[in-house]
Amino acid sequence: MDSLSNTIIEALTLLFNGNAELWTIIGISFQISSTAILIASVPAVLIGFTLAYSNFFGRRLLISVFNTLLAVPAVVVGLTLYILLSRQGPLGEWHLLFTQTAMVLGQITLSFPILVAMSHSAFQSAEMRAWDTARTLSNNSISAFVIMLREVRFGLLGALLAGYGRIIAEVGASMMLGGNILHYTRNIPTAIALETSKGEFAQGIALGIILVLMAFLLTMILHYIQGRGMLAHGR
Amino acid sequence: MVDKPFNSLEFSHIKKSFGRGRQNKRILKDTHIHLKQGECTLLSGKNGSGKSTLMRTLAGLIKADSIAISFNEQLLDNKKAYSFIRQHVMYLYQEPYMFDGSVRRNLGYALVRKNTDKIKQALKWADLEHREDTEAKCLSGGEKQRLALAQAWLKQPSVLLLDEPTANMDKHAKIRTGKLFAEFKQRGTTLLIASHDLDHLLQVMDRRLILENGKLLEVEKE
Ligand SMILES: Nc1ncnc2c1ncn2[C@@H]1O[C@H](COP(=O)(O)OP(=O)(O)OP(=O)(O)O)[C@@H](O)[C@H]1O
Ligand SMILES: [Mg+2]
(Lines give C-alpha, C1' and ligand atoms only; values in the text may rest on other atoms or scores of the structure.)
(Ligands and ions follow the chains in the order given, each with its own letter.)
Protein backbone atom coordinates (compact mmCIF):
# COMPACT_ATOMS: atom_id res chain seq x y z
CA MET A 1 0.00 0.00 0.00
CA ASP A 2 2.76 2.30 1.03
CA SER A 3 4.67 1.74 -2.20
CA LEU A 4 1.58 2.40 -4.33
CA SER A 5 0.94 5.79 -2.78
CA ASN A 6 4.63 6.59 -3.10
CA THR A 7 4.47 5.70 -6.78
CA ILE A 8 1.47 7.95 -7.34
CA ILE A 9 3.19 10.86 -5.59
CA GLU A 10 6.24 10.20 -7.75
CA ALA A 11 4.02 10.23 -10.87
CA LEU A 12 2.45 13.57 -9.94
CA THR A 13 5.90 15.01 -9.21
CA LEU A 14 7.07 13.95 -12.67
CA LEU A 15 4.07 15.66 -14.25
CA PHE A 16 4.12 18.90 -12.34
CA ASN A 17 7.87 19.40 -12.15
CA GLY A 18 8.07 19.38 -15.92
CA ASN A 19 10.14 16.22 -16.34
CA ALA A 20 11.76 16.71 -19.75
CA GLU A 21 11.66 13.08 -20.89
CA LEU A 22 8.02 12.75 -19.94
CA TRP A 23 6.94 15.88 -21.77
CA THR A 24 8.96 14.93 -24.86
CA ILE A 25 6.99 11.67 -25.00
CA ILE A 26 3.70 13.56 -24.65
CA GLY A 27 4.77 16.05 -27.33
CA ILE A 28 5.66 13.25 -29.78
CA SER A 29 2.29 11.59 -29.21
CA PHE A 30 0.29 14.70 -29.98
CA GLN A 31 2.48 15.75 -32.88
CA ILE A 32 2.20 12.39 -34.65
CA SER A 33 -1.53 11.93 -34.06
CA SER A 34 -2.37 15.51 -35.10
CA THR A 35 -0.36 15.17 -38.30
CA ALA A 36 -2.12 11.89 -39.09
CA ILE A 37 -5.59 13.35 -38.53
CA LEU A 38 -4.84 16.45 -40.58
CA ILE A 39 -3.62 14.40 -43.54
CA ALA A 40 -6.37 11.78 -43.33
CA SER A 41 -9.31 14.12 -42.85
CA VAL A 42 -9.28 15.88 -46.22
CA PRO A 43 -9.65 12.78 -48.45
CA ALA A 44 -11.84 11.04 -45.87
CA VAL A 45 -14.35 13.91 -45.76
CA LEU A 46 -14.44 14.04 -49.57
CA ILE A 47 -15.11 10.30 -49.74
CA GLY A 48 -17.80 10.57 -47.03
CA PHE A 49 -19.41 13.37 -49.01
CA THR A 50 -19.33 11.40 -52.27
CA LEU A 51 -20.81 8.33 -50.59
CA ALA A 52 -23.65 10.46 -49.22
CA TYR A 53 -24.71 12.41 -52.29
CA SER A 54 -23.72 10.65 -55.46
CA ASN A 55 -25.02 7.46 -56.87
CA PHE A 56 -22.37 5.42 -58.62
CA PHE A 57 -21.84 1.75 -59.24
CA GLY A 58 -20.37 0.03 -56.19
CA ARG A 59 -21.37 2.74 -53.72
CA ARG A 60 -23.08 0.36 -51.30
CA LEU A 61 -20.18 -2.05 -51.50
CA LEU A 62 -17.75 0.74 -50.66
CA ILE A 63 -19.83 1.75 -47.65
CA SER A 64 -19.73 -1.79 -46.27
CA VAL A 65 -16.00 -2.03 -46.97
CA PHE A 66 -15.36 1.06 -44.83
CA ASN A 67 -17.65 -0.24 -42.11
CA THR A 68 -15.73 -3.53 -42.09
CA LEU A 69 -12.40 -1.71 -41.92
CA LEU A 70 -13.64 -0.03 -38.73
CA ALA A 71 -13.29 -3.36 -36.97
CA VAL A 72 -9.76 -4.23 -38.14
CA PRO A 73 -7.49 -4.41 -35.06
CA ALA A 74 -4.58 -1.99 -34.81
CA VAL A 75 -2.01 -4.80 -34.65
CA VAL A 76 -3.18 -6.10 -38.00
CA VAL A 77 -2.76 -2.64 -39.52
CA GLY A 78 0.67 -2.50 -37.88
CA LEU A 79 1.64 -5.92 -39.20
CA THR A 80 0.51 -5.14 -42.75
CA LEU A 81 2.41 -1.87 -42.90
CA TYR A 82 5.42 -3.52 -41.24
CA ILE A 83 5.59 -6.12 -44.00
CA LEU A 84 5.22 -3.44 -46.68
CA LEU A 85 7.89 -1.18 -45.15
CA SER A 86 10.39 -3.79 -43.96
CA ARG A 87 13.69 -4.02 -45.83
CA GLN A 88 12.56 -6.97 -47.98
CA GLY A 89 9.10 -5.51 -48.45
CA PRO A 90 7.80 -3.77 -51.59
CA LEU A 91 8.34 -0.31 -50.03
CA GLY A 92 11.58 -1.25 -48.28
CA GLU A 93 13.62 1.17 -50.36
CA TRP A 94 11.93 4.10 -48.68
CA HIS A 95 13.66 3.20 -45.37
CA LEU A 96 10.64 4.27 -43.37
CA LEU A 97 10.42 1.53 -40.79
CA PHE A 98 11.00 2.79 -37.21
CA THR A 99 10.49 6.44 -38.16
CA GLN A 100 7.85 8.97 -37.20
CA THR A 101 6.63 8.85 -40.79
CA ALA A 102 5.86 5.15 -40.44
CA MET A 103 3.87 5.90 -37.29
CA VAL A 104 1.97 8.67 -39.06
CA LEU A 105 1.19 6.25 -41.91
CA GLY A 106 -0.09 3.68 -39.42
CA GLN A 107 -2.30 6.21 -37.67
CA ILE A 108 -3.65 7.55 -40.97
CA THR A 109 -4.65 4.00 -41.90
CA LEU A 110 -6.24 3.45 -38.51
CA SER A 111 -8.26 6.66 -38.42
CA PHE A 112 -9.32 6.68 -42.07
CA PRO A 113 -12.31 4.29 -41.86
CA ILE A 114 -13.74 6.10 -38.81
CA LEU A 115 -13.34 9.47 -40.50
CA VAL A 116 -15.05 8.20 -43.66
CA ALA A 117 -17.90 6.44 -41.86
CA MET A 118 -18.63 9.33 -39.53
CA SER A 119 -18.40 12.07 -42.14
CA HIS A 120 -20.61 9.97 -44.40
CA SER A 121 -23.31 9.85 -41.74
CA ALA A 122 -22.81 13.54 -40.96
CA PHE A 123 -23.52 14.45 -44.59
CA GLN A 124 -26.35 11.98 -44.80
CA SER A 125 -28.05 13.52 -41.77
CA ALA A 126 -28.49 16.71 -43.79
CA GLU A 127 -30.59 14.93 -46.45
CA MET A 128 -30.46 15.26 -50.23
CA ARG A 129 -32.64 18.38 -50.28
CA ALA A 130 -29.85 20.32 -48.53
CA TRP A 131 -27.27 19.43 -51.17
CA ASP A 132 -29.73 20.18 -53.98
CA THR A 133 -30.52 23.56 -52.43
CA ALA A 134 -26.84 24.38 -52.00
CA ARG A 135 -26.26 23.53 -55.66
CA THR A 136 -29.22 25.63 -56.77
CA LEU A 137 -28.04 28.66 -54.80
CA SER A 138 -24.38 28.51 -55.78
CA ASN A 139 -22.82 29.13 -59.11
CA ASN A 140 -20.33 26.32 -58.75
CA SER A 141 -19.98 23.02 -56.93
CA ILE A 142 -17.13 24.25 -54.74
CA SER A 143 -19.12 26.98 -53.03
CA ALA A 144 -22.04 24.55 -52.71
CA PHE A 145 -19.64 22.13 -50.98
CA VAL A 146 -18.50 24.88 -48.60
CA ILE A 147 -22.12 25.57 -47.63
CA MET A 148 -22.54 21.86 -46.89
CA LEU A 149 -19.33 21.71 -44.82
CA ARG A 150 -20.69 24.45 -42.60
CA GLU A 151 -24.11 22.81 -42.40
CA VAL A 152 -22.71 19.55 -41.02
CA ARG A 153 -19.76 21.06 -39.13
CA PHE A 154 -20.74 19.54 -35.79
CA GLY A 155 -20.90 16.05 -37.24
CA LEU A 156 -17.56 16.52 -38.99
CA LEU A 157 -15.90 17.78 -35.83
CA GLY A 158 -17.30 14.73 -34.06
CA ALA A 159 -15.67 12.56 -36.73
CA LEU A 160 -12.29 14.24 -36.20
CA LEU A 161 -12.48 13.81 -32.43
CA ALA A 162 -13.50 10.17 -32.69
CA GLY A 163 -10.64 9.53 -35.11
CA TYR A 164 -8.24 11.25 -32.75
CA GLY A 165 -9.49 9.17 -29.86
CA ARG A 166 -8.81 5.98 -31.82
CA ILE A 167 -5.15 6.76 -32.57
CA ILE A 168 -3.84 8.77 -29.59
CA ALA A 169 -3.96 5.81 -27.20
CA GLU A 170 -3.24 3.04 -29.69
CA VAL A 171 -0.21 0.90 -28.83
CA GLY A 172 0.05 -2.00 -31.33
CA ALA A 173 0.76 -0.23 -34.58
CA SER A 174 2.90 2.48 -32.97
CA MET A 175 5.13 -0.11 -31.32
CA MET A 176 5.64 -2.17 -34.48
CA LEU A 177 6.11 0.72 -36.89
CA GLY A 178 7.90 3.22 -34.64
CA GLY A 179 10.06 0.86 -32.65
CA ASN A 180 9.69 2.81 -29.38
CA ILE A 181 12.90 4.88 -29.79
CA LEU A 182 13.35 7.44 -26.99
CA HIS A 183 13.05 11.11 -28.07
CA TYR A 184 11.96 10.00 -31.54
CA THR A 185 9.20 7.41 -31.79
CA ARG A 186 8.35 6.74 -28.17
CA ASN A 187 4.84 8.03 -27.57
CA ILE A 188 2.50 7.79 -24.59
CA PRO A 189 1.11 4.28 -25.14
CA THR A 190 4.42 2.64 -26.09
CA ALA A 191 6.16 4.32 -23.16
CA ILE A 192 3.51 3.02 -20.76
CA ALA A 193 3.91 -0.50 -22.14
CA LEU A 194 7.71 -0.37 -21.78
CA GLU A 195 7.87 1.16 -18.30
CA THR A 196 5.28 -1.25 -16.99
CA SER A 197 7.18 -4.25 -18.34
CA LYS A 198 10.27 -2.95 -16.49
CA GLY A 199 8.26 -2.66 -13.29
CA GLU A 200 8.61 1.14 -13.21
CA PHE A 201 5.13 2.38 -12.64
CA ALA A 202 5.59 6.09 -11.88
CA GLN A 203 6.10 7.28 -15.46
CA GLY A 204 3.38 4.92 -16.68
CA ILE A 205 0.89 6.33 -14.21
CA ALA A 206 1.83 9.91 -15.08
CA LEU A 207 1.27 9.21 -18.79
CA GLY A 208 -1.89 7.27 -18.00
CA ILE A 209 -3.25 10.35 -16.22
CA ILE A 210 -2.61 12.41 -19.34
CA LEU A 211 -4.44 9.86 -21.54
CA VAL A 212 -7.42 9.69 -19.20
CA LEU A 213 -7.62 13.50 -19.05
CA MET A 214 -7.39 13.57 -22.81
CA ALA A 215 -10.19 11.00 -23.21
CA PHE A 216 -12.30 12.94 -20.74
CA LEU A 217 -11.71 16.19 -22.62
CA LEU A 218 -12.52 14.63 -26.01
CA THR A 219 -15.75 13.18 -24.64
CA MET A 220 -16.73 16.50 -23.08
CA ILE A 221 -16.10 18.39 -26.31
CA LEU A 222 -18.00 15.75 -28.28
CA HIS A 223 -21.01 16.02 -25.95
CA TYR A 224 -20.91 19.79 -26.11
CA ILE A 225 -20.71 19.74 -29.90
CA GLN A 226 -23.54 17.25 -30.26
CA GLY A 227 -25.64 19.41 -27.95
CA ARG A 228 -24.88 22.44 -30.10
CA GLY A 229 -25.76 20.47 -33.22
CA MET A 230 -29.15 19.58 -31.80
CA LEU A 231 -29.85 23.15 -30.75
CA ALA A 232 -28.87 24.31 -34.20
CA HIS A 233 -31.42 21.98 -35.69
CA GLY A 234 -34.10 23.19 -33.34
CA ARG A 235 -34.61 19.93 -31.49
CA MET B 1 -23.59 31.39 -77.81
CA VAL B 2 -24.34 30.55 -74.21
CA ASP B 3 -23.77 34.12 -73.03
CA LYS B 4 -26.36 35.58 -75.38
CA PRO B 5 -29.53 37.04 -73.87
CA PHE B 6 -32.12 34.46 -73.01
CA ASN B 7 -34.96 34.03 -75.51
CA SER B 8 -36.18 30.52 -75.15
CA LEU B 9 -35.33 27.17 -73.71
CA GLU B 10 -36.74 23.99 -75.14
CA PHE B 11 -36.55 20.56 -73.57
CA SER B 12 -37.55 17.63 -75.72
CA HIS B 13 -37.60 13.83 -75.53
CA ILE B 14 -37.73 13.99 -71.74
CA LYS B 15 -37.88 10.47 -70.36
CA LYS B 16 -37.59 9.49 -66.73
CA SER B 17 -38.42 6.33 -64.84
CA PHE B 18 -37.72 5.16 -61.29
CA GLY B 19 -36.86 1.68 -60.06
CA ARG B 20 -35.58 -1.39 -61.85
CA GLY B 21 -37.23 -4.48 -63.26
CA ARG B 22 -40.78 -5.10 -62.11
CA GLN B 23 -40.81 -2.01 -59.90
CA ASN B 24 -39.96 0.19 -62.84
CA LYS B 25 -42.32 3.14 -63.04
CA ARG B 26 -42.22 5.42 -66.04
CA ILE B 27 -43.03 8.93 -64.87
CA LEU B 28 -42.14 11.01 -67.94
CA LYS B 29 -42.77 9.37 -71.29
CA ASP B 30 -41.01 11.25 -74.06
CA THR B 31 -42.59 14.64 -73.50
CA HIS B 32 -41.39 18.15 -74.26
CA ILE B 33 -41.74 21.69 -72.98
CA HIS B 34 -40.92 25.06 -74.53
CA LEU B 35 -40.21 27.95 -72.16
CA LYS B 36 -40.13 31.46 -73.61
CA GLN B 37 -38.58 34.52 -72.03
CA GLY B 38 -40.90 36.31 -69.58
CA GLU B 39 -43.71 33.81 -69.96
CA CYS B 40 -45.56 32.36 -67.00
CA THR B 41 -46.75 28.76 -67.31
CA LEU B 42 -48.96 27.03 -64.83
CA LEU B 43 -48.35 23.31 -64.42
CA SER B 44 -51.15 21.17 -63.09
CA GLY B 45 -51.69 17.47 -62.69
CA LYS B 46 -52.84 14.97 -60.12
CA ASN B 47 -50.79 14.10 -57.04
CA GLY B 48 -48.05 11.77 -58.12
CA SER B 49 -48.36 12.61 -61.81
CA GLY B 50 -44.71 13.70 -61.84
CA LYS B 51 -44.77 17.50 -61.63
CA SER B 52 -41.94 17.67 -59.12
CA THR B 53 -39.98 15.06 -61.04
CA LEU B 54 -40.36 17.09 -64.24
CA MET B 55 -39.24 20.33 -62.61
CA ARG B 56 -36.25 18.77 -60.90
CA THR B 57 -35.23 17.20 -64.18
CA LEU B 58 -35.47 20.57 -65.93
CA ALA B 59 -33.29 22.10 -63.21
CA GLY B 60 -30.64 19.42 -63.65
CA LEU B 61 -31.10 18.11 -60.11
CA ILE B 62 -32.01 14.63 -61.27
CA LYS B 63 -30.69 12.95 -64.36
CA ALA B 64 -33.19 12.19 -67.08
CA ASP B 65 -33.04 8.87 -68.94
CA SER B 66 -33.06 10.97 -72.08
CA ILE B 67 -33.32 14.68 -72.76
CA ALA B 68 -32.40 17.16 -75.51
CA ILE B 69 -32.00 20.84 -74.67
CA SER B 70 -32.10 23.76 -77.09
CA PHE B 71 -31.23 27.30 -76.08
CA ASN B 72 -32.44 30.08 -78.42
CA GLU B 73 -33.36 27.42 -80.97
CA GLN B 74 -29.89 25.88 -80.94
CA LEU B 75 -29.31 22.37 -79.68
CA LEU B 76 -26.86 22.26 -76.76
CA ASP B 77 -24.06 19.77 -76.52
CA ASN B 78 -24.93 17.24 -73.81
CA LYS B 79 -21.90 18.08 -71.68
CA LYS B 80 -22.44 21.82 -71.81
CA ALA B 81 -26.17 21.52 -71.24
CA TYR B 82 -25.79 20.51 -67.62
CA SER B 83 -23.69 23.47 -66.47
CA PHE B 84 -25.80 25.76 -68.63
CA ILE B 85 -28.97 24.64 -66.90
CA ARG B 86 -27.38 25.03 -63.49
CA GLN B 87 -26.64 28.65 -64.32
CA HIS B 88 -29.97 29.62 -65.81
CA VAL B 89 -32.60 27.46 -64.20
CA MET B 90 -33.48 27.57 -60.51
CA TYR B 91 -35.85 25.17 -58.75
CA LEU B 92 -37.58 25.98 -55.45
CA TYR B 93 -38.81 23.14 -53.28
CA GLN B 94 -42.32 23.03 -51.94
CA GLU B 95 -40.73 22.89 -48.49
CA PRO B 96 -37.57 24.92 -48.96
CA TYR B 97 -34.47 23.75 -47.11
CA MET B 98 -32.95 26.46 -44.93
CA PHE B 99 -29.38 26.25 -43.74
CA ASP B 100 -28.20 26.60 -40.18
CA GLY B 101 -27.92 30.33 -39.42
CA SER B 102 -29.87 33.56 -39.70
CA VAL B 103 -32.25 34.62 -42.46
CA ARG B 104 -29.58 37.11 -43.53
CA ARG B 105 -26.95 34.38 -43.88
CA ASN B 106 -29.30 32.25 -45.98
CA LEU B 107 -29.94 35.17 -48.30
CA GLY B 108 -26.20 35.73 -48.60
CA TYR B 109 -25.78 32.23 -50.06
CA ALA B 110 -27.66 33.37 -53.16
CA LEU B 111 -25.06 36.05 -53.90
CA VAL B 112 -21.62 35.47 -55.36
CA ARG B 113 -20.18 38.42 -53.44
CA LYS B 114 -21.57 39.55 -50.12
CA ASN B 115 -23.65 42.69 -50.54
CA THR B 116 -25.43 44.07 -47.48
CA ASP B 117 -27.53 46.56 -49.43
CA LYS B 118 -28.89 43.90 -51.75
CA ILE B 119 -29.74 41.65 -48.83
CA LYS B 120 -31.64 44.52 -47.20
CA GLN B 121 -33.57 45.09 -50.43
CA ALA B 122 -34.44 41.42 -50.69
CA LEU B 123 -35.67 41.36 -47.08
CA LYS B 124 -37.89 44.32 -47.81
CA TRP B 125 -39.10 42.80 -51.08
CA ALA B 126 -40.24 39.60 -49.37
CA ASP B 127 -41.60 41.41 -46.32
CA LEU B 128 -39.15 39.68 -44.01
CA GLU B 129 -37.37 42.74 -42.55
CA HIS B 130 -38.48 41.91 -39.03
CA ARG B 131 -37.01 38.41 -39.44
CA GLU B 132 -33.49 39.38 -40.48
CA ASP B 133 -31.78 37.86 -37.41
CA THR B 134 -34.12 34.92 -36.90
CA GLU B 135 -32.79 31.37 -37.29
CA ALA B 136 -33.96 30.46 -40.78
CA LYS B 137 -34.77 26.90 -39.71
CA CYS B 138 -37.26 28.32 -37.19
CA LEU B 139 -39.38 30.22 -39.72
CA SER B 140 -42.91 29.10 -40.50
CA GLY B 141 -43.62 27.19 -43.70
CA GLY B 142 -45.00 30.26 -45.47
CA GLU B 143 -42.09 32.43 -44.33
CA LYS B 144 -39.62 29.85 -45.60
CA GLN B 145 -41.29 29.95 -48.98
CA ARG B 146 -41.03 33.74 -49.04
CA LEU B 147 -37.37 33.52 -48.02
CA ALA B 148 -36.73 31.07 -50.86
CA LEU B 149 -38.41 33.49 -53.27
CA ALA B 150 -36.16 36.26 -51.94
CA GLN B 151 -33.14 34.04 -52.62
CA ALA B 152 -34.36 33.59 -56.19
CA TRP B 153 -34.88 37.34 -56.46
CA LEU B 154 -31.20 37.85 -55.56
CA LYS B 155 -29.92 35.04 -57.75
CA GLN B 156 -31.87 36.30 -60.80
CA PRO B 157 -32.13 33.08 -62.80
CA SER B 158 -33.52 33.22 -66.34
CA VAL B 159 -36.00 30.48 -65.53
CA LEU B 160 -37.62 29.96 -62.16
CA LEU B 161 -39.38 26.67 -61.37
CA LEU B 162 -41.72 26.91 -58.40
CA ASP B 163 -43.08 23.75 -56.80
CA GLU B 164 -46.39 24.54 -55.06
CA PRO B 165 -45.06 27.88 -53.83
CA THR B 166 -48.24 28.91 -52.03
CA ALA B 167 -49.15 25.57 -50.46
CA ASN B 168 -48.44 26.68 -46.88
CA MET B 169 -49.91 30.17 -47.17
CA ASP B 170 -53.05 31.82 -45.88
CA LYS B 171 -55.25 33.81 -48.22
CA HIS B 172 -53.58 37.14 -47.53
CA ALA B 173 -50.09 35.69 -48.09
CA LYS B 174 -51.23 34.03 -51.31
CA ILE B 175 -52.36 37.35 -52.73
CA ARG B 176 -49.09 39.01 -51.69
CA THR B 177 -47.07 36.18 -53.20
CA GLY B 178 -49.06 36.44 -56.43
CA LYS B 179 -47.77 40.01 -56.63
CA LEU B 180 -44.19 38.80 -56.16
CA PHE B 181 -44.68 36.47 -59.14
CA ALA B 182 -45.88 39.44 -61.19
CA GLU B 183 -42.69 41.31 -60.26
CA PHE B 184 -40.56 38.40 -61.42
CA LYS B 185 -42.46 38.47 -64.69
CA GLN B 186 -41.93 42.20 -65.13
CA ARG B 187 -38.22 41.62 -64.73
CA GLY B 188 -38.41 39.17 -67.61
CA THR B 189 -38.00 35.98 -65.58
CA THR B 190 -39.60 32.91 -67.10
CA LEU B 191 -41.84 31.15 -64.60
CA LEU B 192 -43.09 27.59 -64.41
CA ILE B 193 -45.39 27.13 -61.43
CA ALA B 194 -46.81 23.85 -60.21
CA SER B 195 -49.87 24.74 -58.21
CA HIS B 196 -53.43 23.86 -57.39
CA ASP B 197 -54.21 27.50 -56.52
CA LEU B 198 -55.56 28.63 -59.87
CA ASP B 199 -57.38 31.68 -58.53
CA HIS B 200 -54.33 33.53 -57.26
CA LEU B 201 -52.36 32.90 -60.40
CA LEU B 202 -54.91 33.82 -63.08
CA GLN B 203 -53.50 37.34 -63.37
CA VAL B 204 -49.89 36.33 -64.04
CA MET B 205 -50.54 33.12 -65.92
CA ASP B 206 -50.04 33.11 -69.72
CA ARG B 207 -50.79 29.47 -70.38
CA ARG B 208 -51.50 26.24 -68.66
CA LEU B 209 -50.06 22.74 -69.06
CA ILE B 210 -51.37 19.53 -67.62
CA LEU B 211 -49.16 16.56 -66.87
CA GLU B 212 -51.11 13.38 -67.52
CA ASN B 213 -49.85 9.85 -68.10
CA GLY B 214 -46.30 11.09 -68.45
CA LYS B 215 -47.07 13.66 -71.14
CA LEU B 216 -47.61 17.41 -71.06
CA LEU B 217 -50.78 18.72 -72.68
CA GLU B 218 -51.58 22.34 -73.41
CA VAL B 219 -54.92 23.52 -72.01
CA GLU B 220 -56.90 25.77 -74.31
CA LYS B 221 -58.09 29.01 -72.74
CA GLU B 222 -61.81 29.04 -72.28
N1 LIG C 1 -36.60 9.23 -56.00
C2 LIG C 1 -37.70 8.50 -56.35
N3 LIG C 1 -37.65 7.16 -56.37
C4 LIG C 1 -38.71 6.42 -56.73
N5 LIG C 1 -39.88 6.93 -57.09
C6 LIG C 1 -40.03 8.27 -57.08
C7 LIG C 1 -38.92 9.13 -56.71
N8 LIG C 1 -39.36 10.42 -56.80
C9 LIG C 1 -40.64 10.35 -57.21
N10 LIG C 1 -41.04 9.07 -57.38
C11 LIG C 1 -42.38 8.64 -57.85
O12 LIG C 1 -42.70 9.35 -59.00
C13 LIG C 1 -44.08 9.70 -59.01
C14 LIG C 1 -44.22 11.18 -59.26
O15 LIG C 1 -43.78 11.90 -58.13
P16 LIG C 1 -43.77 13.49 -58.09
O17 LIG C 1 -43.31 13.90 -56.73
O18 LIG C 1 -43.01 13.99 -59.24
O19 LIG C 1 -45.31 13.84 -58.27
P20 LIG C 1 -46.05 15.24 -58.16
O21 LIG C 1 -46.85 15.42 -59.40
O22 LIG C 1 -45.08 16.31 -57.84
O23 LIG C 1 -47.01 15.00 -56.93
P24 LIG C 1 -47.61 16.08 -55.86
O25 LIG C 1 -48.73 16.80 -56.52
O26 LIG C 1 -48.08 15.23 -54.73
O27 LIG C 1 -46.49 16.98 -55.47
C28 LIG C 1 -44.65 9.25 -57.69
O29 LIG C 1 -45.39 8.08 -57.90
C30 LIG C 1 -43.44 8.96 -56.84
O31 LIG C 1 -43.71 7.88 -55.99
MG1 LIG D 1 -44.73 17.55 -56.14
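Residues numbered from 1 in each chain as written. Chains lettered and ligands numbered in written order. Predicted model: local features only at pLDDT ≥ 70, side-chain atom pairs only at ≥ 80, totals over all residues. Heavy atoms only, no water.

Participant: Just give me the short version of the packing of aromatic side chains, but keep the residues and values in it.
Facilitator: All names here are of chain A. Evaluated as defined, the whole model comprises 16 aromatic pairs over all chains. With a centroid separation of 5.2 Å and 75° between ring planes, the pair formed by F49 and F123 is classed as edge-to-face. In this pair, F49 sits in helix α2 (residues 20–53) while F123 sits in helix α5 (residues 100–125), placing the two residues 74 residues apart along the sequence. As far as the burial class goes, F49 and F123 line up, both buried. Relative to W131, the ring of Y53 lies with its centre 5.9 Å away and its plane at 15°, an arrangement referred to as stacked. With Y53 in helix α2 and W131 in helix α6 (residues 127–137), the pair connects residues that are 78 residues apart, well separated along the chain. Through successive ring pairs, a cluster of aromatic residues spans F49, Y53, F123, W131 and F145. (Phe/Tyr/Trp six-rings, centres within 6.5 Å; stacked < 30°, edge-to-face > 60°. Helix = DSSP H or I, 4+ residues; strand = E, 2+ residues; numbered from the N terminus. Buried < 20%, exposed > 50% of the residue type's maximum accessible area, 1.4 Å probe, protein only.)

Participant: Describe the nonpolar core, naming the residues involved and giving the relevant values.
Facilitator: By size, the foremost hydrophobic cluster in this structure holds 54 residues, and its most contacted members are F123 and M148 of chain A together with F99 and L107 of chain B. Sort the elements by how many residues they give to this core and helix α5 (residues 141–155) of chain B lands first, with seven residues. For M148 of chain A, the residues in contact, after removing those within four places along its chain, are Y53, F123, A126, A130, W131 and A134 of chain A together with F99 of chain B. With 47 residues, the next largest nonpolar core counts I26, I32, V104 and A206 of chain A among its residues. (Core = buried A, V, L, I, M, F, W, Y, C linked by side-chain atoms within 4.5 Å. Contact = heavy atoms within 4.5 Å.)

Participant: Go over the site of ligand 1 with me, naming the residues and quoting the values.
Facilitator: Residues and elements named next belong to chain B. Every residue near ligand 1 is listed here: F18, K25, I27, K46, N47, G48, S49, G50, K51, S52, T53 and E164. K51 places a polar side-chain atom, nitrogen or oxygen, 2.7 Å from an oxygen atom of ligand 1. Taken by itself ligand 1 offers 640 Å² of open surface, and the protein chains cover 60% of this. Of all the elements, helix α1 (residues 51–58) adds the most residues to the shell around ligand 1, at three residues. Split by residue class, the shell around ligand 1 holds two nonpolar, six polar and four charged. (Near = heavy atom within 4 Å. Polar contact = N/O pair within 3.5 Å; in protein donor to acceptor, adjacent residues only side chain to side chain. Areas by Shrake-Rupley, 256 points an atom, 1.4 Å probe, with all protein chains shown as cover. Nonpolar A, V, L, I, M, F, W, Y, C, P; charged D, E, K, R; others polar.)

Scope: geometric values only; no functional claims are made or implied.
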